[in-house]
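Below, each chain spelled out in residue letters.
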Amino acid sequence: MYSPNALKAEITRAGKTQKDVALDLGISENTFSKKINSGSFGLDEANKIIELLHIHNPGAVFFGEE
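Right, let's walk through the structure included here. (Residues numbered from 1 in each chain as written. Predicted model: local features only at pLDDT ≥ 70, side-chain atom pairs only at ≥ 80, totals over all residues. Heavy atoms only, no water.)

### A few points about the overall build of the protein chain
So, step 1. A count of helical and extended segments in the protein chain gives 5 helices and 0 strands.
So, step 2. N-terminal to C-terminal, the α/β element order of the protein chain is α-α-α-α-α.
So, step 3. The C-alpha radius of gyration computed for the protein chain amounts to 11 Å, which stays within 12% of the reference 11 Å derived for 66 residues, consistent with globular compactness.
So, step 4. Expressed as lengths along the three principal axes of its C-alpha atoms, the size of the protein chain is roughly 30 × 25 × 20 Å.
So, step 5. Of the contacts formed within the protein chain by residues at least 6 apart in sequence, a portion of 52% connects residues at least 24 apart.
So, step 6. With the model as given, the accessible surface of the protein chain reaches about 4,100 Å², and the carbon-plus-sulfur share is 52%. (Helix = DSSP H or I, 4+ residues; strand = E, 2+ residues; numbered from the N terminus. Rg over C-alpha atoms; globule rule 2.2 N^0.38 Å. Contact = heavy atoms within 4.5 Å. Areas by Shrake-Rupley, 256 points an atom, 1.4 Å probe, with all protein chains shown as cover.)

### Considerations on the side chain of glutamate 10
So, step 1. With respect to the helices and strands, the residue glutamate 10 is situated in helix H1 (residues 4-13).
So, step 2. For glutamate 10, a relative accessible area of 18% corresponds to the buried category.
So, step 3. Sequence-distant contacts of glutamate 10, that is, excluding residues within four places in its chain, are made with Leu53, Ile55 and Val61. (Buried < 20%, exposed > 50% of the residue type's maximum accessible area, 1.4 Å probe, protein only.)

### Section: helix H2 (residues 18-25)
So, step 1. Where H2 is concerned, the buried positions are Val21, Ala22 and Leu25. Each buried residue of H2 lies within a common arc of 100° when the element is viewed along its axis, so the set occupies one face.
So, step 2. On the buried face of H2, the contacting elements are H1, helix H3 (29-38) and helix H4 (43-53).
So, step 3. Backbone geometry just downstream of H2 places glycine 26 in the positive-phi region, at approximately 80°. (Arc of directions from axis to C-beta.)

See below:
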């Protein structure tokens, strides 16, 4: 199960803000916030987030894996 809190924690860990990530994705901060809350990221967006934030265990963020 997708974890918005895990994604927010990864953003903080990377020293970025939601606005920073939104700009890197080429979307508005408002749209990014909605996507965080709903988990409605496309595959390309998820891959870019993983790369931007250097997420070592993307399964924990996007699929609730340990």
